[in-house]
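Summary of the model geometry
Below are the chains, spelled out letter by letter.
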2 protein chains.
Amino acid sequence: MRRTIDTASLDPLFKPTSVAVVGASADAAKIGGRPVDYLKRLGFGGAVLPVNPKSAEIQGLKAYPSVSALPEAVDLAILSVPAALVLPAVEEAAAKGVRSLIVFSSGFAEVDAAGRAAQQRIVDIALDTGMRVLGPNCMGLVNVSAGVYASFSPVIAMGQARPGNIAIVSQSGAFGAFAYTLARERGLGLSKWVASGNESDVDVADCIAWLAGDAETKVILAYIEGAKDGRRLMAALEMARAAGKPVIVTKVGRTEIGAHAAASHTAALAGEDAVYDAVLRQCGAYRARTVEEFFDVGYAAAVAGLPKGGNIGLLTVSGGVGVLMADDAVEHGLAVTEMPAEAQAGIRRLVPFAATRNPLDITGQVANDETLLDRALDIMLGTGCYDMLATFNAASGLSAERGAHMLGLAKHIRSRYPRLPVAFCSVFRPELRAALEASGCMAFEDPSRMIRALAGIARLAAAQADAAGMRRDDEGDRPGRLPEIPEGPANEVEALAALACAGVPVVETTLCATADEAAAAARKISAPVVVKVVSRDILHKSDIGGVRLGLRDEAAVRSAFDEIMANAGRHVAGAKIDGVLVAPMISGGVECILGVQQDPAFGPVVMFGLGGVLVEVLKDVSFRAAPFDRAEALAMIREIRGARVLEGVRGAPPADVEALADALAALSRLAAGAPALVSLDINPFLVRTRGSGAVALDAVLIGREHQTNQE
Amino acid sequence: MRRTIDTASLDPLFKPTSVAVVGASADAAKIGGRPVDYLKRLGFGGAVLPVNPKSAEIQGLKAYPSVSALPEAVDLAILSVPAALVLPAVEEAAAKGVRSLIVFSSGFAEVDAAGRAAQQRIVDIALDTGMRVLGPNCMGLVNVSAGVYASFSPVIAMGQARPGNIAIVSQSGAFGAFAYTLARERGLGLSKWVASGNESDVDVADCIAWLAGDAETKVILAYIEGAKDGRRLMAALEMARAAGKPVIVTKVGRTEIGAHAAASHTAALAGEDAVYDAVLRQCGAYRARTVEEFFDVGYAAAVAGLPKGGNIGLLTVSGGVGVLMADDAVEHGLAVTEMPAEAQAGIRRLVPFAATRNPLDITGQVANDETLLDRALDIMLGTGCYDMLATFNAASGLSAERGAHMLGLAKHIRSRYPRLPVAFCSVFRPELRAALEASGCMAFEDPSRMIRALAGIARLAAAQADAAGMRRDDEGDRPGRLPEIPEGPANEVEALAALACAGVPVVETTLCATADEAAAAARKISAPVVVKVVSRDILHKSDIGGVRLGLRDEAAVRSAFDEIMANAGRHVAGAKIDGVLVAPMISGGVECILGVQQDPAFGPVVMFGLGGVLVEVLKDVSFRAAPFDRAEALAMIREIRGARVLEGVRGAPPADVEALADALAALSRLAAGAPALVSLDINPFLVRTRGSGAVALDAVLIGREHQTNQE
């Protein structure tokens, strides 16, 4: 697998000046005929070179018998030949110096072991020569403005999407075709369209990275089934964020049944969904849960750009829909700030019975005097309170007269507030919709979809701001060092020592081999103590009577030592016992669970949750790919539904969230720096009252077993 | 307020044979001119009688100078006159024997106290005479098939919805007009349309009840901002359920900001949203959270009816969209059952690389052979496993040839499985969409919307089944009796006694006035005991040192008595202390919270939740309007997110959910039968291991203070 992203090498694929079609057909309806037809008819300005050993001419163009016989080393060759002929053609193309390939042909890794081997051979050639390969088993690529229709999708023949600033990348050809059609039917302008198929070489991460640098692309819509290398995807998403380009992702396989279905139909394995969810957020992408949301948020970002913040002004001619919009806005995390009193008074002077707080309901009076809308909006926006504006205009978009008024108003607002995202909700005649969009305003027919899309661009804007923050403190204080990771399970003393080395605060423990040592250790501790068995072979200590809590005197410690050693010997045959540990018994504070696991797609990820049975039942945990900084750790903490517990409830004082965040960040650096770490669970991690810090009370660490011939 | 629902009296309103328009205008564009114009032009077969003192003829019809001068007592008179002229016209109409009124005029309860008084006068006349009144401040009513356009809404002039089986009832005129337009633009057939305005007499409950008996109406869409009398709404919803008519509700004010906005713009107060949510579910209605969902679920119910169950078969030509649909189905509570092995083998014989479990992905192969779709569906539906079918067909709905194939397939399925709801998702030409719908199939352009709509009709079907269940065991065992409810706060002993009387199991307590009595009571209890202060004036006993737990001997009980009495005297000046109670200390099991409160709209409601801090933070509680039976109580228990705790987690045994359900049902009968009960909280209510019952350990009960001149 190609590890680093090299976008320059993708230029010949996305912006070819010459395209060969290998397996070109004279029949424009056949798969090998379609790209020739599309390239000829739909505005491509470069050379089109059909390759077909049986014809000297294809669709009116001079044809060549083979790739070797081509007059030049083309930027792009499309392979539309039976699977058995693909490898020879790839070899020929590489020898010829062709810069990139699109392989339509199926019959590779998606089919069987022989197919996987053949696909690997394609990859090897690509890596050896630098020739980039999209596919096999892919539907190809479109560069709308350049007329590069390097695809056999029949939806292109039904009509083309208009040129614009939205790029679509899809791992699925069928979904890609559907998305292309939806974009065309909705009138969304596209820059590029890619369906990446088996991703032998060029994958969705490469495409996102290239689009991040594409001047024609403002917004990237990515449909993802699973990434073989999650870290490349993360790197691409960060490139898009750095370029200020919002990425909206649909990732299927949210549920177990869904993920199972995903695994059964694609060569890429769908990773743990909660980790995907967290990582997409961490990298500033917006995850859409439906196709509709995918397009709505993409549309909003493409038409209006991103707002400065999440404070929304709502204006309605129907009180009820105003309430509905306010409900939606709050549920999607937007702020629905009340208008200043003076502005409210101004509205009341216009419409005595208006609702004036926000939503602003100027009532059916607007039917008698349309200028009420203009004057109310001038007051509302004049407050300077709002980062976005959403208006509900009932059915007036169907009326020629009222529609014209709406358009005038849209232009007026855009001229006075050129950066402010503005959305109208009504039922529209198509001309009015297009004119509103041309003026930079959004047009929606459903109020809830409008609010969700605005919340989406607000979330994307916040993600941009977060990125700036991360860059600032990325170089901050890093106390911990990387500990040695043992092979297989560590005992508790070793696990806590590794954490301490990495900068995670842990309870102080003493390893004792005898009852005398245990008693001596307990004497140095003023509080009651806890005694636990220490053994790499006993991970569930309580289950076998290996833990004694709340011991208050030396006699209790001695008898605990004896009991624990006896229990351990009795219950775990052959266990190597390292002794017991003696530690102060610490209570008070909020019990949390911190963990590290190796995700198949994203490698080391850190988990955070509160302790307790409900958390187990509700699965209220959050994830982040390691490493991350304190700011990200704080976001991770705030993300769980029960986060308010840390603020102090039922009279409890606020917990030391800063110490918790520092521990999570330290843990993430350990996770990122120790590939031999298989898993690590800190349970409980006690977060004490603000200012009093936090402490790991128990930990289970498992290192990788050393085996020959295994990476 | 009219308490009982009398649907027969609404016939003249919904199906008038003669309509007078009071304040009729010769100008068809004016509010008083529009209904005359609409009634004349749009197919009304009855008499239209304009009333206007200034003209002998209006829009070509003979006009009358006053209501008194009308030649007959019309079924319906529309009042479109200034507010000041409304009351005289109402009086005249009542005297004339007019059977129903629609009052367009505004300036009543929505404005000020004088308006409220005038509106009350209208109500009084309506109640005295039996004449029904819709409005004032309302947009009126449409009976599509009868051509009754008794509305001034301008959207009607832009085009009429086609006749059909969906009724729309809206408390908001602006929303009603928007909904009418959306229905028309989506091609949904309507039976009736009502915008109920101030609801002085006829309210949304009356309309739903009448529509439940309307032969033309199959599905009811209701937009609700708030019900003044929630029990009437419940009765109407139950009438619709008994008639087998699904009701889909949009109720705004889900969030605090939203509810605040609702309260500011309508005369009806938005009730506690969580209670609305529960009551709508309890009465079998489907609550839609967006306008889009409102129409999608209504559309599905109208086109396809209700399925037999919630098992969905998914067929796709795109693996990814299959996964997306499976994700959505699972998240919306549908079952995505795997196909039997034999059927899967049959599919593999058709398409070797198909995904065969469910979703069934027949892949892009269908582009080469469309009959694969037919054959795969025959196999899938032939299993008899599925209650509904959803298919994703990418963009093929735009292709004439493939669209024709799809329609043929739709008709084939409908003929073989006439009751099976079937949905196609694609991008459609309008003719294909209409033809699919005419064949009884649904057509969606978004896969997630399709699945949500199917989940909606499955939920409605389950609600119908629940109703049957409720009727069966409604007459079941009712152990409890109604206790006396004290005035003001009860002490704990009284509160527990009231619960015990009502059939809720409680811990046994002994009220003791002296330390000797307390010691004697403790002697009779083998376990450790708890001693608590008993006083109507001390509801938070722990806070003032009024509770001692885990007392194991007589001396401890005696000293606890002394301390508690001293603390109570010291901390609550003037409190009347009734003594202490002695009770066994019971632990083990799952701690729950049960409560009763009086909802402003729905009266007595019962609350259920688990104990613990996270529940408080996550607000994970459920509600039901009282009374209800054990089956409803079980539904209420299952509804909380943390319900799995009761099944036993972390090795704990399952809890006695049956005993919990019986207690909730008993509590609900107490709540329903004791209007003097202001609130009741049982905390904790301990649910023990299955078979061991449950017990209330503490309760706070507050009765209504007796006051003169207060109901």
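Note that this is a predicted model, so its numbers are computed, not measured.

So, how was this worked out
- Residues numbered from 1 in each chain as written.
- Chains lettered and ligands numbered in written order.
- Predicted model: local features only at pLDDT ≥ 70, side-chain atom pairs only at ≥ 80, totals over all residues.
- Heavy atoms only, no water.
- Helix = DSSP H or I, 4+ residues; strand = E, 2+ residues; numbered from the N terminus.
- Contact = heavy atoms within 4.5 Å.
- Buried < 20%, exposed > 50% of the residue type's maximum accessible area, 1.4 Å probe, protein only.
- Pairing = 2+ DSSP bridges.
- Polar contact = N/O pair within 3.5 Å; in protein donor to acceptor, adjacent residues only side chain to side chain.
- Buried area = accessible area lost by both parts, 1.4 Å probe.
- Salt bridge = Lys/Arg side-chain N within 4 Å of Asp/Glu carboxyl O.
- Nonpolar A, V, L, I, M, F, W, Y, C, P; charged D, E, K, R; others polar.
- Least-squares fit on C-alpha atoms with pLDDT ≥ 70 in both.
- Phe/Tyr/Trp six-rings, centres within 6.5 Å; stacked < 30°, edge-to-face > 60°.
- Lys NZ or Arg CZ within 6 Å of the ring centre and 35° of its normal.
- Axes fitted to C-alpha atoms, helices over the stretch in contact; angles between N-to-C directions.
- Parallel < 35°, antiparallel > 145°, perpendicular 65-115°, else oblique.
- Core = buried A, V, L, I, M, F, W, Y, C linked by side-chain atoms within 4.5 Å.
- Left-handed = near helix turned anticlockwise from the far one by under 90°.

A few words now on the environment of R254(A). For R254(A), the location among the structural elements is in the loop between β13 (247–251) and α8 (256–265). In this structure, the C-alpha to C-alpha distance between R254(A) and D273(A), residues 19 residues apart in sequence, is 5.6 Å. Apart from residues lying up to four places away in sequence, R254(A) is in contact with D273(A), R287(A), R289(A), L324(B), D327(B), D328(B) and E331(B).

What follows covers the environment of R523(B). All names here are of chain B. The topology assignment puts R523 in helix α18 (residues 515–523). Residue R523 is classed as exposed on the basis of its relative accessible area, which comes to 55%. For the pair R523 and P483, spaced 40 residues apart in the sequence, the C-alpha separation amounts to 30 Å.

All names here are of chain A. Of all 6 residues in strand β24 (residues 579–584), 5 are buried; the element is thus mostly enclosed. Pairing between strand β21 (residues 510–512) and β24: 3 bridges, direction antiparallel. Bridge pairing links T510 to V582 in β24. As paired elements, strand β22 (residues 529–534) and β24 share 6 bridges and run antiparallel to each other. Bridging from a neighbouring strand, K532 pairs with L581 of β24.

This brings us to helix α6 (residues 204–212) of chain A. All names here are of chain A. For α6, the buried fraction is high: 9 of the 9 residues fall into the buried class. Of the residues making up α6, those classed as buried are V204, A205, D206, C207, I208, A209, W210, L211 and A212. Taken together, the buried residues of α6 touch α1 (11–14), β7 (132–134), β10 (163–170), β11 (190–195), β12 (219–224) and α7 (230–242). The N-cap of α6, judged by a side-chain oxygen 3.1 Å from the amide nitrogen of A205 a few residues on, is D203.

With that settled, consider the interface of chain A and chain B. Where interface size is given, it is often the accessible area lost as the parts come together that is meant. Every contact between the two is made by 74 residues of chain A and, on the other side, 74 residues of chain B. Here chain A and chain B share an interface that buries about 6,000 Å² over both sides, 68% of which is from carbon and sulfur atoms. Contact with chain B buries surface across chain A, with F178(A), L614(A) and R650(A) losing the most and accounting together for 10% of the total. Applying the counting rule to chain A against chain B returns 4 salt bridges. The closest approach of N and O atoms between E331(B) and R289(A), which form a salt bridge, is 2.9 Å. Those elements giving two or more residues to the side of chain A that touches chain B turn out to be α5 (173–186), α8, α10 (291–304), α11 (319–331), α16 (447–473) and α20 (613–618) of chain A. For the side of chain A that touches chain B, the element with the highest residue contribution is α11(A), accounting for 10 residues. Of the residues in the side of chain A that touches chain B, the class split is 38 nonpolar, 18 polar and 18 charged.

Residues and elements named next belong to chain A. Taken as a whole and assessed by the stated rule, the structure comprises 90 salt bridges over all chains. The residue D273 makes a salt bridge to R287 at a minimum N-O spacing of 2.9 Å. One end of the pair, D273, is in helix α9 (residues 273–282); the other, R287, is in strand β14 (residues 286–287), with 14 residues separating them in the sequence. By relative accessible area, which is 9% here, R287 ends up buried.

So, about unusual backbone geometry. Here the bond from N358(A) into P359(A) is cis, since omega is 10°, no more than 30 degrees from zero. If you trace the backbone, P359(A) turns up in the loop between α12 (341–350) and β16 (360–361). Look at the link from A626(A) to P627(A): it is a cis peptide, with omega at -5°. Within the element layout of this structure, P627(A) appears in the loop between β27 (621–625) and α21 (630–639). Despite not being glycine, N137(B) has its phi angle at roughly 60°, a positive value. Among the secondary structure elements, N137(B) is positioned in the loop between β7 (132–134) and β8 (140–143). Given the relative accessible area of 29%, N137(B) is considered partly exposed.

Moving on: the relation of the copies chain A and chain B. Under the fitted operation, chain A is carried onto chain B by 0.0 Å of movement along the axis and a turn of 180°, and the coordinates agree to an RMSD of 0.1 Å. Both copies are brought into coincidence by an operation consistent with a two-fold rotation axis. Among all C-alpha atoms of chain A, that of L614(A) lies closest to the rotation axis, at 3.6 Å. The fraction of interface residues of chain A whose copies in chain B are also interface residues reaches 100%, indicating that both copies meet through the same surface.

Taken as a whole and assessed by the stated rule, the structure comprises 18 aromatic pairs over all chains. On the basis of an interplanar angle of 85° and a centroid distance of 5.6 Å, the ring pair of F294(A) and F295(A) is categorised as edge-to-face. Take F295(A): its relative accessible area is 2%, and that puts it in the buried class. Their ring planes at 5° and their centres at 4.1 Å tell us that F14(B) and W210(B) sit as a pair that is stacked. On the criterion of sequence distance, the pair formed by F14(B) in helix α1 (residues 11–14) and W210(B) in helix α6 (residues 204–212) is long-range, its members being 196 residues apart. On the accessibility criterion, F14(B) (0% relative accessible area) is buried. Under the relative-accessibility criterion, W210(B) is labelled buried at 5%. Put simply, the rings of F175(A), Y223(A), F294(A) and F295(A) touch in pairs and so form one group of aromatic residues. Geometry around Y299(A) places R186(A) over its ring, the cationic atom sitting 5.9 Å from the centre. Positioned above the aromatic ring of Y276(B) is the side chain of K251(B), whose terminal nitrogen or guanidinium carbon lies 4.6 Å from the ring centre.

Residues and elements named next belong to chain B. Where helix α3 (residues 83–96) meets helix α4 (residues 113–129), the axes come as close as 10 Å, and the angle between the chain directions of the two elements is 0°. It follows that α3 is roughly parallel to α4 by the angle criterion. On the side of α3, the interface is formed by V86, L87, V90, E91 and A94, while α4 contributes A118, R121, I122, I125 and T129. Here the residues of the contact of α3 with α4 sort into 7 nonpolar, 1 polar and 2 charged.

Residues and elements named next belong to chain B. What the 5 strands build is an open sheet, ordered β2-β1-β5-β6-β7; its pairing is parallel. The sheet is open, and its two edges are formed by β2 (47–51) and β7, each paired on a single side. Pairwise comparison of adjacent strand axes, ignoring direction, gives a mean angle of 20° for this sheet. In this sheet, β7 lies alongside strand β6 (residues 100–103) in parallel orientation, the contact comprising 3 bridges. Looking at β7, one finds that L101 is bridged to V133. Across the face of the sheet, helix α2 (residues 34–41) comes into contact with β1 (18–22), β2 and β5 (76–79) while running at roughly 155° to β1.

With that out of the way, let us pick up the environment of E292(A). Tracing the sequence through the fold places E292(A) in helix α10. Each C-alpha atom of the pair E292(A) and L182(A) lies 9.6 Å from the other, and the pair is 110 residues apart in sequence. Dropping the residues within four chain positions of it, E292(A) is found in contact with R186(A), R449(A), R452(A), E292(B), D446(B) and R449(B). Separated by 3.3 Å, the side chains of E292(A) and R449(A) make a polar contact.

Formed by 314 residues in total, the largest nonpolar core has its most connected members in I102(A), F295(A), I312(A), I102(B), F295(B), I312(B) and I362(B). Excluding residues that lie within four positions of it along the chain, I312(B) makes contacts with A329(B), L334(B), A335(B), V336(B), N358(B), Y386(B), M388(B), A390(B), I451(B) and L454(B).

Turning next to the sheet that holds strand β15 (residues 312–316) of chain A. Residue and element names in this part refer to chain A. With parallel pairing, the 5 strands of this open sheet are ordered in space as β16-β15-β17-β18-β19. Looking at which strands have only one partner, the edges of the open sheet turn out to be β16 and β19 (442–444). Pairing between β15 and β16: 2 bridges, direction parallel. Bridge assignment links L315 to a residue of β16, and that residue is L360.

Turning our attention to the packing of helix α13 (residues 371–382) of chain A against helix α14 (residues 400–416) of chain A. Residue and element names in this part refer to chain A. At their nearest, the axes of α13 and α14 sit 10 Å apart, and the two run at 20° to each other. Our classification of the angle between α13 and α14 gives roughly parallel. For the pair α13 and α14, the sense of crossing is right-handed. In contact with T371, L373, D374, L377, D378 and L381 of α13, α14 contributes H405, L409, H412, I413 and R416. By residue class, the composition of the contact of α13 with α14 is 5 nonpolar, 3 polar and 3 charged.

Remember that the coordinates give geometry; whether it matters functionally is a separate question.
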